[in-house]
Each structure stands twice: as structure tokens, then as C-alpha cells.
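Architecture at a glance
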Amino acid sequence: MYTILEHPLLQHRVTLLRDISTPPKLFRELAGEISAFLAYEAFRDLETGPRRVCTPFREMEGGTIATRIVLVPILRAGMGMLDAVLNLVPYASVGVLGMQRNEETAEPIPYYAKLPKPDGNTLAVLLDPMLATGGSACDAVTTLKKQGYHRIIFLNLICCPEGLARLEREHPDVHVWSAVEDECLNERKYIVPGLGDAGDRLFGTL
């Protein structure tokens, strides 16, 4: 299952994000703003619980988030989305998964995992800017499930049909939220038209 957000403010930012002349500082800002849009929509159905508070005029019953949230960026590019989502849910816990792309096979090489222990109400929010082949996303979801996570969503900036199809095939229970779906992968397994290597553009390592 996946949702592509179609909003003029979002698409404006995606266009600037793609531009090869966009410097790393602006690229990071845009990636964060797009991530916040995605999280805002993805969190629309979070469970809430009652809480009584006193306003300046009277006591009333409000609602507070009742779901435990764990944000899980895939290193390193996923770190470019983390702060913006944390600004929306500052009480969330954070785990990290390290995966490096093999440039010959385009398959992920896992090298690190540090995750909080989940409970029955934990929502894991996987963060990675690009859903290309789907290899990293599928491996990350498999790792989360082995650690005991049963509720998982995936936020990403740009996806393509190949990655969506693989994630749907291997993990149909994971809902993908993306800003845009691009055309395809090229011969090097990069998304086209895409934006290049998200990690390099985030951290200025071109």
C-alpha cells in the first residue's frame, strides 16, 4: 500500500530539491520540509488518549498521543529527514539502521543496527529519502520485524515503480508515504529523473 502526496507546496519543494544547482544547505532544508509534510499526513490516524487540563477559563478534556513512536532513519541519507519529523513528535524514540549500497550489485550491505525494544503499541517510522530498487527498505523492514516491530510505515521523498513493487511484494503490510513517484530506474539503479545520490547531496560529499 502506498500514498503519493499531491500538494502544490510539496511539489514546489520537490522541484527545487531535484535541481542540480541546489546547494547542500538548501537541499537539507527542503528535505526537512518535505519530510514534515509526509509525517503530518502519515500521522493523521495516530491513536489519542484523554487528558484533562485547566485552561485560563475552565477544566476540559483534551487528547494526547497514545501511540509509542520510534523513528528509524536508514544511515546515512535518512538522517536528513530525522530532525524535521522529530520536531513534530519530539517525544519519539530513535533507532538507526546502517546500510551501504554495493555499487556493483545495487544491493544493500547492512553494517549497524541499534533499536529500542518495542511494545505492542509501538509504531516504527522508517525514514529514507529514496525508494529505488527496494533492497534497503525491504532489508530494513525485515530487521524491524525480527526485532519485534509489527506496525511499520515508511516515509520517503521520491519513489519509483520498481521499489514500490518489491516492497509491496515482500512486505504488503507496510504503508509507504512518498512525495512523488518517478518514472523508473536507470542502468545504474538510480531513480530517473530523481535527484542523484541523496546522501551526497545532503552532506556535500559529491
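For the structure itself, consult the block above.
Residues numbered from 1 in each chain as written. Predicted model: local features only at pLDDT ≥ 70, side-chain atom pairs only at ≥ 80, totals over all residues. Heavy atoms only, no water.

Regarding the overall build of the chain
For the chain, the helix and strand inventory stands at six helices and 13 strands. For 206 residues, the compact-globule estimate of 2.2 N^0.38 gives 17 Å, and the C-alpha radius of gyration of the chain, at 18 Å, lies within 12% of that figure. Per-residue burial over the chain gives 46% buried out of 206 residues. Restricting the contact set of the chain to residue pairs at least 6 apart, pairs at least 24 apart contribute 63%. (Helix = DSSP H or I, 4+ residues; strand = E, 2+ residues; numbered from the N terminus. Rg over C-alpha atoms; globule rule 2.2 N^0.38 Å. Buried < 20%, exposed > 50% of the residue type's maximum accessible area, 1.4 Å probe, protein only. Contact = heavy atoms within 4.5 Å.)

Examining the packing of helix α1 (residues 8-18) against helix α2 (residues 24-42)
Between α1 and α2, whose axes approach to 9 Å, the crossing angle comes to 150°. The angle between the axes of α1 and α2 places the two elements in the roughly antiparallel class. Along this stretch, α1 crosses α2, giving a crossing that reads as left-handed. In this structure, α1 uses L9, L10, R13, V14, L16 and L17 to contact α2, whose residues at the interface are F27, L30, A31, E33, I34 and F37. (Axes fitted to C-alpha atoms, helices over the stretch in contact; angles between N-to-C directions. Parallel < 35°, antiparallel > 145°, perpendicular 65-115°, else oblique. Left-handed = near helix turned anticlockwise from the far one by under 90°.)

Description of the nonpolar core
F43, L71, V125 and L155 are the most contacted members of the largest nonpolar core, which totals 39 residues. Every element with two or more residues in this core is listed here: α1, α2, β4 (68-75), α3 (79-88), β8 (122-127), β10 (151-159), β11 (175-181) and α6 (198-203). Among the elements that make up this core, the one with the highest residue count is α2 (seven residues). Not counting chain neighbours up to four residues away, the residues in contact with L155 comprise L38, A39, A42, M81, V85, V125, L126, L127, D128 and W177. Formed by 22 residues, the second largest nonpolar core is a distinct cluster that contains L97, M99, V141 and F154. (Core = buried A, V, L, I, M, F, W, Y, C linked by side-chain atoms within 4.5 Å.)

Overview of the pattern of salt bridges
In this structure the tally under the stated criterion is ten salt bridges. Close ionic contact of E33 with R13 constitutes a salt bridge, the shortest N to O distance being 2.7 Å. Highlighted residues: E33 in helix α2 and R13 in helix α1, separated in sequence by 20 residues. Residue classification places E33 among the partly exposed positions, given a relative accessible area of 35%. In this structure, K145 and D173 form a salt bridge, with 3.0 Å as the shortest nitrogen-oxygen distance. (Salt bridge = Lys/Arg side-chain N within 4 Å of Asp/Glu carboxyl O.)

A short note on the side chain of T122
Summarising the element assignment, T122 is placed in strand β8. Looking at T122, the relative accessible area reads 2%, which means it is buried. Side-chain polar atoms of T122 contact the side chain of R68, separated by 3.5 Å. A distance of 2.8 Å separates polar atoms of two side chains, one belonging to T122 and the other to D119. Those residues within four positions of T122 in sequence are excluded, and the remaining contacts are R68, V70, Y149 and R151. (Polar contact = N/O pair within 3.5 Å; in protein donor to acceptor, adjacent residues only side chain to side chain.)

Here we look at the packing of α2 against α3
As a packed pair, α2 and α3 sit with axes 8 Å apart at the nearest point and diverge in direction by 50°. Regarding the angle of α2 to α3, the classification is oblique. Remark: the crossing between α2 and α3 carries right-handed chirality. For the pair α2 and α3, contact is made by A31, G32, S35, A36, A39 and Y40 and by G80, M81, A84, V85 and L88, respectively.

A word on unusual backbone geometry
Geometrically, the link from L75 to R76 is a cis peptide bond, its omega value of 0° lying close to zero. Among the secondary structure elements, R76 is positioned in the loop between β4 and α3. Looking along the chain, the bond that leaves V192 and enters P193 is cis, with omega of 0°. Here P193 shows up in the loop between β13 (191-192) and α6. A positive phi is found at K189, a non-glycine position, where the angle reads about 70°. One can find K189 in the loop between β12 (184-185) and β13. Given a relative accessible area of 38%, K189 falls into the partly exposed group.

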